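# Observations on the three-dimensional arrangement
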Protein chains: 2
Amino acid sequence: MVAGPTSTGPGKERLRLWIRLLRASRTIEAELRERLKKEFDTTLPRFDVMAALYRSPEGMLMSDLSRFLLVSNGNVTGIVDRLVSEGLVTRARRNGDRRTSMVRLTEEGSKSFAAIAAAHENWVGELLGTVSEDEARRLTGMLKSFRSNWEGRE
Amino acid sequence: MVAGPTSTGPGKERLRLWIRLLRASRTIEAELRERLKKEFDTTLPRFDVMAALYRSPEGMLMSDLSRFLLVSNGNVTGIVDRLVSEGLVTRARRNGDRRTSMVRLTEEGSKSFAAIAAAHENWVGELLGTVSEDEARRLTGMLKSFRSNWEGRE
DNA sequence: TTATAAAACTTTAAGCTTGAAATAATTGCG
DNA sequence: CGCAATTATTTCAAGCTTAAAGTTTTATAA
């Protein structure tokens, strides 16, 4: 996914775009992962889950998390397990539907996330520093319309 | 990495961009992974390694692969191991420097890759279909300059 | 009711991924 | 030369990831 086009033709320009997109996101992702590890001894998947929960103080179902984060159900199970065992998150069995459980940040998890998120936002600002605010807005617009055109997820 | 900004401020626009970038690449990546599995019973990492080797008929060192694909050394070892055991790739010990080995596609690997790459290019064209050729060129340019400004890898 | 299907989740097996430690070969320098 | 540092690679442990199969609970409908 990271090599160059192997031919010329109609799809070439879009293939180039895809390769650039992928290389850019991998490079940034690698840098963020490294800093999360070094500075906060955590991982990107944990950060993702906590970020989602931080936006939903009322809690989220496992399936909400899985859908929102674009990862599989089983995947979320493992990450939440570990967050629970670290005291950052709780799984609350529900009376209404006993198949499901509400996942929420604990007090500690919320505090912890706020600190990490602040650093994270600065890192992203730094790593994308060469993109002007205006360019960022335009790029975001292009990517947004692309996704929402392609399929209905959010 | 996939949730929205948690605050307003100067870095907000770039954080939005990063989230869009990540969601776009994850969505496309997931779709490509699924099709590679279904249609060719292979994986993205295998495809990446084969794509790199296809561009270098003379072969690549393990460290070349690792650098080019932006993944760790140990990672490449495992993927190449599996490709070797499937007869798609060879590791040739070198006389000059016996620490290293040249990795090459076999005849079969080369044929196999050519077929997969053709399908792959069509898929990408389809998945990025809502982006015009012209827009694709502009986006690519932005992403390219961003990366080369940020650091010296290629 | 009461089977049967559907939904929410967990478990499992296989593979991917990293960072760190271990091996082995080469290079450089006193 | 001889040995310390460097380089190329593999091994390892832990965690991430998916698809598929399994479990439990809820909904449907004959």
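Just so you know, these numbers come straight off a predicted model, no measurement behind them. (Residues numbered from 1 in each chain as written. Chains lettered and ligands numbered in written order. Predicted model: local features only at pLDDT ≥ 70, side-chain atom pairs only at ≥ 80, totals over all residues. Heavy atoms only, no water.)

## Examining the protein's contact with DNA strand C
Near DNA strand C lie 25 residues; those nearest to it are Ser-63 and Thr-77 of chain A together with Arg-46, Ser-72 and Arg-82 of chain B. Close to the protein, within 4 Å, the atoms of DNA strand C belong to sugar or phosphate groups at a rate of 79%. Residue Arg-82 of chain B places a side-chain N or O atom 2.2 Å away from a phosphate oxygen belonging to DNA strand C. Residue Arg-98 of chain B places a main-chain N or O atom 3.2 Å away from a phosphate oxygen belonging to DNA strand C. (Near = heavy atom within 4 Å. Polar contact = N/O pair within 3.5 Å; in protein donor to acceptor, adjacent residues only side chain to side chain.)

## Some remarks on the packing of aromatic side chains
All names here are of chain A. Taken as a whole and assessed by the stated rule, the structure comprises six aromatic pairs over all chains. Between Phe-40 and Trp-123, the ring centres sit 6.1 Å apart and the planes meet at 50 degrees, which makes this aromatic pair tilted. With Phe-40 in helix α1 (residues 12-40) and Trp-123 in helix α5 (residues 107-127), the pair connects residues that are 83 residues apart, well separated along the chain. The class for Phe-40 is partly exposed, based on a relative accessible area of 31%. Taking relative accessible area as the criterion, Trp-123 reaches 10% and is therefore assigned buried. (Phe/Tyr/Trp six-rings, centres within 6.5 Å; stacked < 30°, edge-to-face > 60°. Helix = DSSP H or I, 4+ residues; strand = E, 2+ residues; numbered from the N terminus. Buried < 20%, exposed > 50% of the residue type's maximum accessible area, 1.4 Å probe, protein only.)

## Comments concerning the protein's contact with DNA strand D
Lining the immediate surroundings of DNA strand D are 25 residues, of which Ser-72 and Arg-82 of chain A together with Ser-63, Asn-73 and Arg-99 of chain B lie closest. Put simply, 77% of the atoms of DNA strand D that lie within 4 Å of the protein are in sugar or phosphate. Within the backbone of Arg-98 of chain A, an N or O atom sits 2.9 Å from a phosphate oxygen of DNA strand D. Taking Arg-91 of chain B, its side chain carries an N or O atom lying 3.2 Å from a phosphate oxygen of DNA strand D. Mapped onto the surface near DNA strand D, the elements with two or more residues apiece are α2 (44-55) and α4 (73-85) of chain A together with α3 (62-69) and α4 (73-85) of chain B. Counting residues per element, the surface near DNA strand D draws most heavily on α4 of chain A, which supplies four residues. Tallied by class, the residues present in the surface near DNA strand D amount to six nonpolar, eleven polar and eight charged. (Nonpolar A, V, L, I, M, F, W, Y, C, P; charged D, E, K, R; others polar.)

## Considering the pattern of salt bridges
Under the defined criterion, the tally for this structure stands at 21 salt bridges over all chains. Taken together, the shared-partner salt bridges connect Glu-13 and Arg-16 of chain A together with Arg-137 of chain B into one network. (Salt bridge = Lys/Arg side-chain N within 4 Å of Asp/Glu carboxyl O.)

## So, the packing of α1 of chain A against α5 of chain A
Residues and elements named next belong to chain A. At a closest axis distance of 11 Å, the pairing of α1 and α5 adopts a crossing angle of 145 degrees. As for how α1 packs across α5, the hand of that crossing is right-handed. Contacts between α1 and α5 involve Ile-28, Glu-31, Leu-32, Arg-35, Leu-36, Glu-39 and Phe-40 from the first element and Ala-115, Ile-116, Ala-119, His-120, Trp-123, Val-124, Glu-126 and Leu-127 from the second. Its residues assigned to classes, the contact of α1 with α5 comprises ten nonpolar, one polar and four charged. (Axes fitted to C-alpha atoms, helices over the stretch in contact; angles between N-to-C directions. Left-handed = near helix turned anticlockwise from the far one by under 90°. Contact = heavy atoms within 4.5 Å.)

## Topic: the environment of Lys-111 of chain A
Here Lys-111 of chain A shows up in helix α5. By relative accessible area, Lys-111 of chain A is classed as exposed at 60%.

## Some words on the pairing of strand β2 (residues 101-105) of chain A
Each regular strand shows side chains that alternate between the opposite faces of the sheet. All names here are of chain A. Counting buried positions over the five residues of β2 gives four, a clear majority of the element. Pairing between strand β1 (residues 89-93) and β2: five bridges, direction antiparallel. Within β2, the residue paired with Arg-91 across the bridge is Val-103. (Pairing = 2+ DSSP bridges.)

## Observations concerning the confidence of the model for chain A
Summing up the model confidence of chain A, the mean pLDDT is 89 and the portion of residues at 70 or higher is 87%. Within chain A, helix α6 (residues 133-150) of chain A has the poorest average pLDDT of any element, 75, and α2 of chain A the best, 98. (pLDDT = per-residue confidence, 0-100.)

## A look at α3 of chain B
Among the residues of α3 of chain B, those classed as buried are Met-62, Leu-65, Ser-66, Phe-68 and Leu-69 of chain B. Where α3 of chain B is buried, its residues contact α1 of chain A together with α2 (44-54), α4, β1 (89-93) and β2 (101-105) of chain B. Trailing α3 of chain B by a residue or two, Leu-70 of chain B shows a phi angle of about 65 degrees, which is positive.

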